[in-house]
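# An overview of the molecular structure
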Amino acid sequence: MIFPLILALILPAAHAATLPESAQQFVADYSHLYQGVYTASQEASWKASTDVTPEHEGERTGANQALANLTGSTYVIAQAREFLKHKAELPPQTVRELQRIWWMAAENPQDIPEIASRRVEAESKQSSAMDTFPFCAQRAPDGKTCSQPTTANEIDDILASTATDAAEHLKYWLASKEIGAALKPGLVDLRGLRNEVARHFDYRSYFDLQVAWYEMSTPEMMAMLEGVLKDIQPLYEQIHCYAKYELAQRYHQPVPQGPIPAHWLGNRWAQEWPGLVPGVDLDPYFKGRSPEWIVKKAESFYTSTGFDPLPQNFWKNSDLYPAAPGGRKKNTHASAWHVDLDQNVRSLQSVEPNAQWWGTAHHELGHIFYFLSYARPEVPILLRDGAMRAFHEGFGDMIVIAANQAPYLKQTGILPAGEKIDEMAWLLAEAMDSIVFLPFAAGTMTHWERDIYAADLPADQWNARWWRYARQYQGIEPPAPRGEASCDACSKTHVNDNPAYYNTYAIGTVFKYQLHDHICRQVLHQDPRSCNYYGRKEVGDFLKSLLSKGATEDWRRLLREKTGSDLSSKPMMDYFQPLLDYLKQKNQGRTCGWQGLPG
Ligand code: X8Z
Ligand code: ZN
């Protein structure tokens with residue numbers, strides 16, 4: 001309770017001031033305190049994620065509690081509420097800052113301190129449980145002892161391989177799901193606590209509170225995502241049909257009439273379907289390269305367009321490679337950290353030399369270069385953020401599109417210069433990533449999270465609902481019925497430690513094709529399907545003009561200003577149009593059977 005006191009001491013001087021002056025003073029004082037306490041919480045969280053121990057978990061809980069005491073203090077709530085009643089009299093930027101103060105207060109309201117504290121503690125505990133879960137590929141006959149421990153990277157490698165042994169895929173798919181059952185009780189508890197804090201602030205649910213960051217309502221968000229799903233539906237159905245024939249052949253099985261068995265696909269959640277396009281496999285080109293090389297190459301993509309090299313502190317503090325077996329435990333999901341909201345940046349990854357980590361390394365550095373672009377004196381601390389969350393996710397992902405196109409891969413020596421490219425096969429492989437991702441992100445994940453938060457879906461229906469959506473949106477089904485003791489959604493990192501956020505990746509996917517289209521056509525005058533940003537300073541200049549604004553402007557306005565259009569899936573659909581024509585041809589005479597049902 002020390003922070004409200006500090007603020008109260010600072011503020012009386014402002015009483016004589018005008019309303020805008022008082023509001024700005026409040027925001028400035030808050031920001032100053034926030035930056036320090038936020039930094040301490042990031043440092044503690046970093047330690048707890050890179051060396052998972054009970055002590056570090058305790059320190060994270062303590063540091064996050066201190067942050068909660070500030071952001072949700074009754075003083076902050078009262079001041080922000082009061083100032084926000086007078087929006088029209090305040091400068092727009094101050095309103096944006098106050099709005100953020102309000103949303104952050106809603107996460108940790110200290111006028112219900114017991115709930116808020118229980119939540120902080122439960123969040124930290126859930127993260128540690130996730131980060132220390134011992135994946136196991138095989139159990140001894142007692143059903144308990146693990147006779148073949150495995151890792152997240154190993155599971156991903158085996159699922160993504162094109163080996164023809166479906167039983168081996170099934171074994172690793174099942175191994176990947178055990179964590180979900182273990183995490184379910186913690187998530188049930190957290191669902192309640194997250195909803196309680198949000199509802200205390202009159203949001204309908206925790207999901208609605210997260211959607212508020214887009215300045216949208218939940219029905220508006222869902223309608224937007226349904227629109228995207230509808231746009232891709234004809235293409236997705238063709239991709240689905242193509243995939244099930246390929247996979248049936250690979251595993252020597254009959255072609256499924258309806259949904260595809262989930263363990264046939266090359267990803268734990270079938271969020272991407274790698275390895276399905278013969279002749280397009282970048283993995284062999286990364287064999288023999290070091291993980292360090294992957295990250296350095298990713299940095300050089302950005303610097304070639306004029307971004308400054310990453311600061312020394314990034315290289316010194318980041319934790320980029322898998323932890324040695326038997327030693328410390330670390331979080332295995334990639335992330336990027338803006339530790340002090342200024343120049344202190346770092347990334348947590350487990351990079352291995354393969355195509356998946358090639359993409360992820362570019363994605364994470366996208367976050368870092370975005371952080372550094374808006375960490376400048378003109379951008380206030382509270383607006384050092386993406387113009388909206390999906391810009392942050394979409395920016396690095398757009399660089400992944402560019403870093404996976406043949407002209408760059410040849411220029412940089414990853415693909416032999418003389419390599420002949422089957423353009424349609426490459427387009428199909430890209431769709432197996434980006435298009436296939438949308439029914440998962442906008443469909444299964446977002447609808448399931450909406451249901452558990454906004455509709456209070458009873459916990460004994462969670463798994464059934466997950467698979468209902470997986471069937472409906474992705475056209476996949478579990479290898480055998482899954483009961484409610486399992487929680488396959490709970491096996492997904494974000495469901496635990498980044499809740500109600502996943503819609504961001506779906507919007508980011510639409511955004512990345514829109515921005516890529518603009519860069520290729522308007523800045524470089526190249527075909528978006530074969531376009532090379534490398535070394536082009538005009539691309540860096542354009543990107544910096546967007547990124548450096550942080551969240552100081554309305555995202556819709558900024559998008560229109562930079563690309564000439566509102567958020568639209570048209571550039572994405574145009575990009576893949578030749579593929580749709582090709583697949584219709586290819587699938588002619590096949591029984592496609594399953595048809596997606598958006599909404
Ligand atoms: O979580 C991530 C990034 C970190 S922001 C690695 N992604 C989503 C996922 O892995 O599920 C990137 C694409 C989707
Ligand atoms: Zn990301």
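The structure displayed is predicted, hence computed values, not measured ones.

On to the coordination of the zinc ion (ligand 2). All of the protein donors around the zinc ion (ligand 2) are His363 (NE2), His367 (NE2) and Glu393 (OE); their distances to the metal are 2.0 to 2.1 Å. Taken together, the 4 donor atoms coordinating the zinc ion (ligand 2) span angles of 93 to 128° at the metal, a pattern that classifies the geometry as tetrahedral. Written as a sequence motif, the donor arrangement for the zinc ion (ligand 2) is H-x3-H-x25-E. Of this pair, His363 and His367 both sit in helix α14 (residues 355-374), separated by 4 residues, roughly a single helical turn. Neither His363 nor His367 differs from the other in exposure class; each is buried.

Taken together, the residues surrounding ligand 1 are Gln271, His333, Ala334, His363, Glu364, His367, Glu393, Phe437, Lys492, His494, Tyr502 and Tyr505. With respect to ligand 1, the side chain of Gln271 contributes an N or O atom lying 3.1 Å from an oxygen atom. Look at ligand 1: alone it shows 370 Å² of surface, and the protein chains cover 85% of it. Per-element tally for the shell around ligand 1: the top contributor is α14, with 3 residues. Across the shell around ligand 1, the residue classes tally to 4 nonpolar, 5 polar and 3 charged.

Attention now goes to helix α8 (residues 166-200). Along an α-helix, residues three or four positions apart point the same way, because every turn accommodates 3.6 residues. The terminal C-alpha atoms of α8 lie 49 Å apart, and with 35 residues this matches the ideal 51 Å at 1.5 Å per residue to within 8%. Along α8, the largest kink reaches about 45° and is centred on Leu183; proline Pro185 follows within four residues of it. Measuring from the backbone nitrogen of Ala167 back to the side-chain oxygen at the start of α8 gives 3.0 Å, which picks out Asp165 as the cap. Of the residues one or two after α8, Asp202 is the one with positive phi, at around 70°.

Okay, empty space enclosed by the protein next. Counted according to the given criterion, the structure contains 2 cavities of 30 Å³ or more. What lines the second largest cavity is Trp173, Lys177, Ala262, Arg268, Trp269, Ala270, Trp466, Trp467, Ala470, Gln474 and Ile476. Listing elements by their share of the lining of the second largest cavity, those giving two or more residues are α8 and α18 (462-474). No other element matches α18, which puts 4 residues into the lining of the second largest cavity. Split by residue class, the lining of the second largest cavity holds 8 nonpolar, 1 polar and 2 charged.

The next point concerns the layout of surface pockets. Empty space among the atoms becomes visible once a probe the size of a water molecule is rolled across them. Computed from the structure, the second largest pocket encloses a volume of approximately 250 Å³. No other element matches helix α5 (residues 92-107), which puts 5 residues into the lining of the second largest pocket. Of the residues that constitute the lining of the second largest pocket, the class distribution is 6 nonpolar, 3 polar and 9 charged.

Conventions adopted
- Residues numbered from 1 in each chain as written.
- Chains lettered and ligands numbered in written order.
- Predicted model: local features only at pLDDT ≥ 70, side-chain atom pairs only at ≥ 80, totals over all residues.
- Heavy atoms only, no water.
- Donors = N, O, S within 2.8 Å, 3.2 Å for Na, K, Ca; no water.
- Tetrahedral: all angles 85-135°; square planar, octahedral: opposite > 155°, others 65-115°.
- Helix = DSSP H or I, 4+ residues; strand = E, 2+ residues; numbered from the N terminus.
- Buried < 20%, exposed > 50% of the residue type's maximum accessible area, 1.4 Å probe, protein only.
- Near = heavy atom within 4 Å.
- Polar contact = N/O pair within 3.5 Å; in protein donor to acceptor, adjacent residues only side chain to side chain.
- Areas by Shrake-Rupley, 256 points an atom, 1.4 Å probe, with all protein chains shown as cover.
- Nonpolar A, V, L, I, M, F, W, Y, C, P; charged D, E, K, R; others polar.
- Expected span 1.5 Å × (residues − 1).
- Bend = angle between axes of the 7 residues up to and from the residue.
- 1 Å grid on protein atoms, 1.4 Å probe; cavity = no way out; pocket = protein on both sides within 12 Å on 5 of 7 lines; lining within 4 Å.
- Points joined across faces, edges and corners; volume = space filled by probe spheres on them.

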